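# Geometric and topological summary
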Amino acid sequence: MWIVRWDVLAAITGMALVTYACRAGGYAVLRAVRPPPWVEMVLRHLPGCLFAAYVAPPLLALGWPGWMGAAVVVGVQVATRNMGAAIIAGIAATWGLRVLAG
């Protein structure tokens, strides 16, 4: 039987509220105030920077199995246009290659 402690539940709820407030606050501010052109340019390029920041460290840490898993993700995504299938295939490929490599 799972029993959640009140302090853990309060921490999770607090983090969820703060996360929601940050996201909703950003939308509210950008709806009310028009940012300068350079801010709009930065915001347009931000997703690519975030993707690189999330992907680069694991690829470097995992070595060739990570790179092969990334290639599988790209291949499955191009072939199927299904992001979920691509992610699952990449995870499976990376895991399998790491097991085989020992």
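Notes on the structure in this doc start here. For every chain, the first residue of the written sequence is number 1, and numbering continues from 1 onward in sequence order. At least 70 in pLDDT is required for a residue's local features to be given in this predicted model, at least 80 for side-chain atom pairs to be given and counted, and no such filter applies to totals for whole chains, interfaces and linings, which use all residues. Side-chain metrics in this entry use all non-hydrogen atoms of the structure; hydrogen atoms and water are not considered.

## Brief notes about the overall build of the protein
Counting secondary structure elements, the protein contains 4 helices and 0 strands. From first element to last, N terminus to C terminus, the protein shows the α and β order α-α-α-α. Only C-alpha atoms enter the radius of gyration, while the globule expectation follows 2.2 Å times N to the 0.38, with N the number of residues. For the protein, whose C-alpha radius of gyration is 20 Å, the value lies well above the compact-globule estimate of 13 Å for 102 residues. With the C-alpha coordinates of the protein rotated into their principal frame, the extents come out at 55 × 50 × 25 Å. Expressed as a percentage of the 102 residues in the protein, the buried residues total 9%. Residue burial considers only the protein chains on display, and all accessible areas are found by Shrake-Rupley using a 1.4 Å probe. In the structure as shown, the protein presents an accessible area of about 8500 Å², 76% of it carried by carbon and sulfur atoms. Runs of E in the DSSP output that reach at least two residues are strands. Runs of H or I that reach at least four are helices, and both are numbered from the N terminus. Throughout, exposure labels follow a simple rule: accessible area from a 1.4 Å probe, protein chains only, divided by the maximum for the residue type, with under 20% read as buried, over 50% as exposed, and the rest as partly exposed.

## Here we look at unusual backbone geometry
A negative phi holds for most residues other than glycine; trans holds for most peptide bonds. Its identity as a non-glycine residue notwithstanding, Arg-81 has a phi of 60°, on the positive side. Examined against the element boundaries, Arg-81 turns out to sit in the loop between helix 3 (64-80) and helix 4 (83-101). Note on Arg-81: relative accessible area 67%, which makes it exposed.

## Quick look at the environment of Ile-12
Structurally, the position occupied by Ile-12 is in helix 1 (residues 6-32). Given the relative accessible area of 48%, Ile-12 is considered partly exposed.

## Observations regarding the pattern of salt bridges
A pairing counts as a salt bridge when a side-chain nitrogen of Lys or Arg comes within 4 Å of a carboxyl oxygen of Asp or Glu. Within the structure shown, the criterion is met by 2 salt bridges. Notably, a salt bridge pairs Arg-34 with Glu-40, separated by 3.2 Å at the nearest N-O pair. Take Arg-34: its relative accessible area is 69%, and that puts it in the exposed class. Classification of Glu-40 by relative accessible area gives partly exposed; the value is 22%.

## Describing the packing of helix 3 against helix 4
At a minimum axis separation of 8 Å, helix 3 and helix 4 run at an interaxial angle of 155°. Between helix 3 and helix 4, the crossing angle belongs to the class labelled roughly antiparallel. Along this stretch, helix 3 crosses helix 4, giving a crossing that reads as right-handed. Residue-level contacts link Trp-64, Pro-65, Gly-66, Met-68, Gly-69, Val-72, Val-73, Val-76 and Gln-77 of helix 3 to Met-83, Ala-85, Ala-86, Ala-89, Gly-90, Ala-93, Thr-94, Leu-97, Arg-98 and Ala-101 of helix 4. Throughout, the ten residues Ala, Val, Leu, Ile, Met, Phe, Trp, Tyr, Cys and Pro are labelled nonpolar, Asp, Glu, Lys and Arg are labelled charged, and all others, Gly among them, are labelled polar. A breakdown of the residues in the contact of helix 3 with helix 4 according to their chemical character gives 13 nonpolar, 5 polar and 1 charged. Between N-to-C directions, angles span 0 to 180 degrees; the directions come from axes that are lines fitted to C-alpha atoms, helices contributing only their stretch in contact. The labels follow the angle: roughly parallel below 35 degrees, roughly antiparallel above 145, roughly perpendicular from 65 to 115, and oblique for the rest. Note: crossing handedness is left-handed where the near helix turns anticlockwise from the far helix by less than a right angle, and right-handed where it turns clockwise. Should any heavy atoms of two residues lie within 4.5 Å, those residues are considered in contact.

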